[in-house]
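# Breakdown of the fold
Below, each chain spelled out in residue letters.
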Amino acid sequence: MVDLRPQTVNLQAGCISNFGTPVHEIGHSLGLWHEQQRWDRDDTVHVLVENLDFYRGQFLKLHNSDLSVPYDVGSVMHYGPRAGSSNGRNTMETINPLYQRNMGQRTGLSFLDAKSVNLAYCSGSCSNRLPRPCERDGYQDPNHCYRCRCPEGFSGTYCHEVAPSVNADCGGTVQATSTPQYIQSPGYDTDKHYGNRQQCNWMIKAPANHRVVLTFEDEFGLYCHNEGQCHHWVEVRTGTNLGRQGARFCCYRKPTSVCGARRRRCPLSSGLIGLGGNPNQTIKSPQKDPTTPNPPEKPKLFPQTTKTPTGNKKTQNQKETPQHHNQPFQQKKKTQNTTIFPKKPN
C-alpha cells in the first residue's frame, strides 16, 4: 500500500541486525504502509484482536491506494504472526493455513513490494509499449523498457520462461505423467546437504483436465526462525496470480499436505516450485531449535503411504500445483524429494 507523503527513516541499533528490517523502514520512507493495514486484509488474514497489546494502531485498516497490486502476505511490510502479542499467542493467522510461515519475512522486498514502488514512481518511464503483454504478473521494466520485469522463478522477455537455477544443476520444466516423478534439492543423493547460494526453479505442467499432485518424501529440514518464519524454504506457487508469493515450507517437520485434495483443489494444471533461502543468512550447520514451533496444521490430503522395497520411505497422494521459490540457499541443510504426477479432478 503506497502513500506518497515524505517519511523519516528510523534505524536504531536494534533495527540493523536483520537485513530485512532496514528494508522495511526504507519502504516506509518510500510511502509503503504496513501490509496488514490494507483495507482488503480480511480476505487473506484474520487479526486476533483479543491477543493484541498497544500495537493495535498498527492493525487499523487504511484506505490508501494499492495500485491494483494484490494483497501480499509475503511482503516485507507485513508483520509476523505474533507481532504485538500481549500473551505470546498469534495476533494474525492466514485464512489459508499453508501461508502462515510467509508472514513477517525479512529477507528483502517481495516481487509485489518492488512492483508497488515502481508503479508509484516509475510508471511513466517508458515511452514505448511492449508488442505483447507480460505473462505471470510481470510488468514493463522501467529500467529496460524493451522487456518485462518478472516474478522470482520466471525469466525471458515476457516472463514466459522458467528462470535458470543458480550454482546448481537443477530446475527446468517437468511434464507430469501418470507415473510418479521425483525432483530433489542439490546434494540430496550424496551427503544430503546443499551448498551456499544455490537456487532451483521447476515449472510443472499436467495434461488438460488433470491436476498436479505434489508430496514431500524422505528427510526434510530447512532452517527457520523460532517463530516459524523461513530463512530457507521450498515455495509452491499456484493459481492465476503467480506474481504473489507462494506457500513456503521449512523447519524440521515434513509437511503432510500442500493442496489438491477433495477439499483443497489446485486451481491450475500447472505451477512453479522452487528451492531457496535468505542470501543474507549464512548458516554452516544449523541444528534443530527445540523451541521452533511445529508448522501450522494443514488438511491431510489422500494420506496413502507406500514403501519402496529398499531404501527411504516414499509417501504419495497429496495434491498441489507446484510453485516456485527463488532465493539462494545456505550451507548444511537437509533437503527433500518430491513426487509429481497428474490426477484427473473428481
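- In the annotation of an unreviewed UniProt entry, the entry for the chain reads Metalloendopeptidase, and the organism field reads Ridgeia piscesae.

### A short note on the environment of Pro70
- Note on placement: Pro70 falls in the loop between strand E1 (45–47) and strand E2 (92–94).
- With 29 residues separating them in the primary sequence, Pro70 and Arg41 have C-alpha atoms 10.0 Å apart.
- Those residues in contact with Pro70 that lie beyond four places of it in its chain are Glu35, Arg38, Leu112, Asn241 and Arg244.

### What to know about the side chain of Arg41
- Locating Arg41 in the fold gives a position in the loop between helix H1 (20–29) and E1.
- Leaving out residues up to four positions away in the same chain, Arg41 has contacts with Gln36, Val47, Phe59, Lys61 and Tyr71.

### Overview of the environment of Gly138
- Tracing the backbone shows Gly138 in the loop between helix H2 (111–122) and strand E3 (139–140).
- Look at Gly138 and you get buried, because its relative accessible area is 14%.
- In sequence terms Gly138 and Cys159 are 21 residues apart; their C-alpha atoms lie 6.4 Å from each other.
- For Gly138, the residues in contact, after removing those within four places along its chain, are Phe111, Arg149, Pro151 and Cys159.

### A word on a nonpolar patch on the surface
- Judged by side-chain polarity, Val9, Leu11, Ile16, Ile26, Leu30 and Tyr121 come together as a nonpolar surface patch covering roughly 510 Å² of accessible area.
- Inspection of the secondary structure puts Val9 in the segment before H1.
- Taking the relative accessible area as the measure of exposure, Val9 reaches 36% and is therefore partly exposed.

### Here's the deal with the packing of aromatic side chains
- Summed over all chains, the structure comprises six aromatic pairs.
- The interplanar angle of 45° and the centroid separation of 5.8 Å between the aromatic rings of Phe111 and Tyr139 together place this pair among those described as tilted. One end of the pair, Phe111, is in helix H2; the other, Tyr139, is in strand E3, with 28 residues separating them in the sequence. With respect to burial, Phe111 and Tyr139 carry one shared label: buried.
- Ring centres of Phe216 and Phe249 lie 5.4 Å apart, and the angle between their planes is 55°; this geometry places the pair in the tilted category. Of this pair, Phe216 sits in strand E10 (residues 211–217) while Phe249 sits in strand E12 (residues 247–249); the two residues are 33 residues apart in sequence, bridging distant segments of the chain.
- Joined through ring pairs, the aromatic side chains of Phe54, Tyr55, Phe59 and Tyr79 make up one cluster.
- When the ring centre of Trp233 is taken as reference, the NZ or CZ atom of Arg248 above it lies at 3.7 Å.

### Re the UniProt feature "active site" (unreviewed entry) in the chain
- The UniProt record annotates "active site" (unreviewed entry) at Glu25.
- Examined against the element boundaries, Glu25 turns out to sit in helix H1.
- Apart from residues no more than four positions distant in its own chain, Glu25 is found in contact with Val9, Asn10 and Leu11.

### A short note on the pattern of salt bridges
- Under the definition given, this model contains ten salt bridges.
- Between Arg149 and Asp141 there is a salt bridge, with its nearest N and O atoms 3.0 Å apart.
- Among the residues examined, Asp141 registers a relative accessible area of 6% and is labelled buried.
- For Arg248, the salt bridge goes to Glu235, with nearest N and O atoms at 3.2 Å. Here Arg248, found in strand E12, pairs with Glu235, found in strand E11 (residues 232–237); they are 13 residues apart in sequence, far enough to count as distant. Across the pair, Glu235 and Arg248 agree in class, each one buried.
- It is possible to trace a salt-bridge network through shared partners that takes in Glu35, Arg38, Asp40 and Asp66.

How each quantity is defined
- Residues numbered from 1 in each chain as written.
- Predicted model: local features only at pLDDT ≥ 70, side-chain atom pairs only at ≥ 80, totals over all residues.
- Heavy atoms only, no water.
- Helix = DSSP H or I, 4+ residues; strand = E, 2+ residues; numbered from the N terminus.
- Contact = heavy atoms within 4.5 Å.
- Buried < 20%, exposed > 50% of the residue type's maximum accessible area, 1.4 Å probe, protein only.
- Patch = residues over 30% accessible without salt bridge, like charges linked within 9 Å, V, L, I, M, F, W, Y side chains within 5 Å.
- Areas by Shrake-Rupley, 256 points an atom, 1.4 Å probe, with all protein chains shown as cover.
- Salt bridge = Lys/Arg side-chain N within 4 Å of Asp/Glu carboxyl O.
- Phe/Tyr/Trp six-rings, centres within 6.5 Å; stacked < 30°, edge-to-face > 60°.
- Lys NZ or Arg CZ within 6 Å of the ring centre and 35° of its normal.
- UniProt positions renumbered as here; feature names shortened; annotations may be inferred.

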